[in-house]
Amino acid sequence: LASLKAVIEMAKILGEDSKEFQDWFEKGKKNLEKKLWNGDYYLYDTLSPHKENIMADQLCGQWYADLLGLGDVFKRENVNHVLKKIFDYNVMKIKDGNIGAINGINPDGSMLPDSEIWKSNTQSNEIWTGVTLALASYMDLVGMKKEALQTAFGIYSVVYEKKGYWFRTPEAWDVNGDFRASMYHRPGSIWAFRME
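Per chain, the residues get numbers from 1 upward, laid out in the order the sequence is written. At least 70 in pLDDT is required for a residue's local features to be given in this predicted model, at least 80 for side-chain atom pairs to be given and counted, and no such filter applies to totals for whole chains, interfaces and linings, which use all residues. Hydrogen atoms and water are omitted, and side-chain values are computed over all heavy atoms in the structure.

Q: Please explain the packing of aromatic side chains as it appears in this structure.
A: Within a pair of aromatic rings, the relevant descriptors are the distance that separates the centres and the angle that separates the planes. Aromatic contacts are taken between Phe, Tyr and Trp rings whose centres are within 6.5 Å, Trp giving its six-membered ring; a plane angle under 30 degrees counts as stacked, one over 60 as edge-to-face, and the others as tilted. Enumeration over the complete set of coordinates arrives at five aromatic pairs. An angle of 25° between the planes, with centres 5.5 Å apart, marks the rings of Y156 and Y160 as stacked. With a gap of four residues between them, Y156 and Y160 both fall in helix α7 (residues 145-162), about one helical turn apart. With a 1.4 Å probe rolled over the protein chains alone, any residue whose accessible area is under 20% of its type maximum counts as buried; one over 50% counts as exposed, and the rest are partly exposed. Y160 sits in the partly exposed class, given a relative accessible area of 34%. Taken together, the ring pairs connect W37, Y42 and F74 into an aromatic cluster. Cation placement over rings: the criterion is NZ of Lys or CZ of Arg within 6 Å of the ring centroid and within 35° of the ring normal. Lying over the aromatic face of F25, K5 brings its terminal NZ or CZ to 4.9 Å of the ring centre. Looking at K93, its charged tip hangs above the ring of Y89, at a distance of 5.0 Å from the centre. A helix here means a DSSP run of H or I that spans at least four residues, while a strand means a run of E at least two residues long, and both kinds are numbered starting from the N terminus.

Written as structure tokens, this is what we have:
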């Protein structure tokens, strides 16, 4: 939806018709709120057994839209509530908030279950450095400075204090700090962090 907002803005600049994209955006936004908003956060999807997982990056489209001044993708009144939920669950319920934001967590605050799916796809139970830093950036952008600093601190803590990854900042690590994909580029999202 944020990408559609960007295309609509580009069409305006180029003097092109954006009605089709605007229609897609309006339909998508309506379905997003109707099908994924559960009154507390946005569901992962509508059909999978993992649909109720709280995802750390569920607002990444709104972060992108806000950075570019594109307007609302999600209902504005839901955004701060969801950021607080992500902070409370994905950040603070994992190692006391000192290793970053875990990608997915159960609504009861427990880690996702060990299963054959997770063994072949470990991403849900990982902390992604770039996603965590983008999340911290967004928290800062909406005025949640304390939460933003705590969230970003988790990345600093693992990279510089606990594991010594330093200039080999990895894409991800598990709850023990064991990494995957060192020298990844997504941690460059730190440059979106505009602490004042």
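Q: Please explain the environment of K162 as it appears in this structure.
A: Inspection of the secondary structure puts K162 in helix α7. Spatially, the C-alpha atom of K162 lies 9.4 Å from that of I99, the residues being 63 residues apart in sequence. In this structure K162 touches N98 and S157, once residues within four positions along its chain are discounted. N or O atoms within 3.5 Å of each other form a polar contact, as long as, within protein, one can give a hydrogen and the other can take it, and as long as residues adjacent in sequence are counted only when both atoms are side-chain atoms. At 3.5 Å, the side chain of K162 and the backbone oxygen of N98 are in polar contact. Contacts are assigned to residue pairs with any non-hydrogen atoms lying within 4.5 Å of each other.

Q: Sorry, what's going on with the pattern of salt bridges here?
A: When charged atoms on two side chains of opposite charge get close, those side chains can pair. By definition here, a salt bridge exists when the distance from a side-chain nitrogen of Lys or Arg to a carboxyl oxygen of Asp or Glu is within 4 Å. Counting across every chain of the model gives seven salt bridges. Between R76 and D72 there is a salt bridge whose closest N-O contact spans 2.6 Å. Counted as one network, the salt bridges with shared partners bring together D66, D72 and R76.

Q: Would you explain the side chain of N103 in this entry?
A: Take N103: it is sitting in the loop between α4 (76-91) and β2 (104-105). Overall, the relative accessible area of 6% leaves N103 in the buried class. Not counting chain neighbours up to four residues away, the residues in contact with N103 comprise I54, M55, A56, N90, Q123, S124, E126, W128 and V131.

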